[in-house]
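The lines below spell out each chain.
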Amino acid sequence: MGACLGALQPVVAGRLGRSWRPGRHARLALGAAGAVAFGFVVWAVHSLTDQSALLYQGGFFLVAAATSVLVAVSVFHPGALVTRALSWGPLTYVGRISY
């Protein structure tokens, strides 16, 4: 399911067009959605284990959806607090060496 969400993002972005810029309300909504998604992913990483029933009752989908929201916020609202937090030097270093 996560792969489907990841594949859907370029389709949505293509529909919006390269010149689309979010307005004030859209930026607020993106920022809020990014903050909620970030909080959920942090909670999931620290609270869920491979034995957690929640993971097998829709949890994997929720984590994939939250991650997709984070990617969308990073693309469409680069000035968001979440985008700046994910651009923090040590995080980008870990991402670079783990990829």
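About the criteria used
- Residues numbered from 1 in each chain as written.
- Predicted model: local features only at pLDDT ≥ 70, side-chain atom pairs only at ≥ 80, totals over all residues.
- Heavy atoms only, no water.
- Helix = DSSP H or I, 4+ residues; strand = E, 2+ residues; numbered from the N terminus.
- Buried < 20%, exposed > 50% of the residue type's maximum accessible area, 1.4 Å probe, protein only.
- Contact = heavy atoms within 4.5 Å.
- Core = buried A, V, L, I, M, F, W, Y, C linked by side-chain atoms within 4.5 Å.
- Phe/Tyr/Trp six-rings, centres within 6.5 Å; stacked < 30°, edge-to-face > 60°.

(A) Structural detail: the overall build of the protein chain. When its secondary structure is counted, the protein chain shows 5 helices and 0 strands. Projected onto the principal axes, the alpha-carbon positions of the protein chain cover approximately 45 × 30 × 25 Å. Burial statistics for the protein chain: of 99 residues in total, 21% are counted as buried. Excluding contacts between residues fewer than 6 apart, the proportion of contacts in the protein chain whose partners are at least 24 apart in sequence is 65%.

(B) How the structure looks around the nonpolar core. Within the largest apolar cluster, 5 residues are counted, these being Ala37, Val41, Ala66, Leu70 and Val82. If you list the elements that add at least two residues to this core, you get α2 (24–47) and α3 (53–76). Non-local contacts of Ala37, meaning those with residues more than four positions away in its chain, are made with Ala66, Val69 and Leu70.

(C) Geometry of the packing of aromatic side chains. Enumeration over the complete set of coordinates arrives at 2 aromatic pairs. Here the aromatic rings of Phe40 and Trp43 are separated by 5.8 Å at their centres, their planes lie at 35 degrees, and the arrangement is tilted. On the criterion of helical spacing, the pair formed by Phe40 and Trp43 is a turn pair, its members being 3 residues apart in helix α2. Residue classification places Trp43 among the partly exposed residues on the basis of a relative accessible area of 40%. Ring centres of Tyr56 and Phe60 lie 5.5 Å apart, and the angle between their planes is 75 degrees; this geometry places the pair in the edge-to-face category. Of the two residues, Tyr56 and Phe60 both sit in helix α3, 4 residues apart, roughly one turn of that helix.

These figures capture arrangement, not role.
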